[in-house]
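Here is what each chain is made of, one letter per residue.
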Amino acid sequence: QVQLVESGGGLVQPGWSLRLSCAASGSIFSIYTMGWYRQAPGKQRELVAVITSGGSTNYADSVKGRFTISRDNAKNTMYLQMNSLQPEDTAVYYCNANIRSASTRHFQMYWGQGTQVTVSS
């Protein structure tokens with residue numbers, strides 16, 4: 001089985017920074033596109049940023065210039081550096097990854113359990 005575990009969320013003041021991590025573990029042959037999504041109370045889950053296995057990135061307009069997505073393929077880990085956080089960034093952040101199983105060689109999309117980010121003064 002494959003598992004994604006997020007960490008790094010918390011309560012911060014506006015203008016502060018946080019770094020989220022998403023570690024993949026289990027029967028992994030390879031990891032393709034990974035991404036961060038977020039869901040605020042009463043809103044739909046939205047894409048924050050994605051990164052391909054080759055390192056190409058794409059961001060939601062609302063976070064461009066403030067957030068940076070990266071990954072360490074050797075560690076099967078993805079990161080989201082979030083700077084200049086604002087109250088509207090408050091949400092549960094989920095990681096997502098398209099992973100090819102080492103045992104079945106099948107592709108499957110996986111989700112983490114989410115980590116809460118709260119930006120408030």
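These figures come from a predicted structure and were not determined experimentally. (Residues numbered from 1 in each chain as written. Predicted model: local features only at pLDDT ≥ 70, side-chain atom pairs only at ≥ 80, totals over all residues. Heavy atoms only, no water.)

Concerning the side chain of arginine 38
(1) Moving on: Tracing the chain through its elements places arginine 38 in strand β4 (residues 28–39).
(2) Moving on: Within the structure, arginine 38 has its side chain in polar contact with the side chain of glutamate 46 (distance 2.7 Å).
(3) Moving on: Reaching out from arginine 38, the side chain makes a polar contact with the side chain of aspartate 89 at a distance of 3.0 Å.
(4) Moving on: Discounting residues that sit within four places of it in the chain, arginine 38 has contacts with Gln44, Arg45, Glu46, Val48, Ser62, Val63, Phe67, Glu88, Asp89, Ala91, Val92 and Tyr93. (Helix = DSSP H or I, 4+ residues; strand = E, 2+ residues; numbered from the N terminus. Polar contact = N/O pair within 3.5 Å; in protein donor to acceptor, adjacent residues only side chain to side chain. Contact = heavy atoms within 4.5 Å.)

Let's talk about the sheet that holds strand β7 (residues 67–72)
(1) Moving on: The sheet built from four strands is open, its strands ordered β1-β3-β8-β7 with antiparallel pairing. Two strands lie at the open edges of the sheet, namely β1 (2–7) and β7, each paired on one side alone. With direction set aside, neighbouring strand axes in the sheet form an average angle of 15 degrees.
(2) Moving on: Judged from the six bridges that link them, β7 and strand β8 (residues 77–82) form a sheet pairing that is antiparallel. Bridge pairing links aspartate 72 to threonine 77 in β8. (Pairing = 2+ DSSP bridges. Axes fitted to C-alpha atoms, helices over the stretch in contact; angles between N-to-C directions.)

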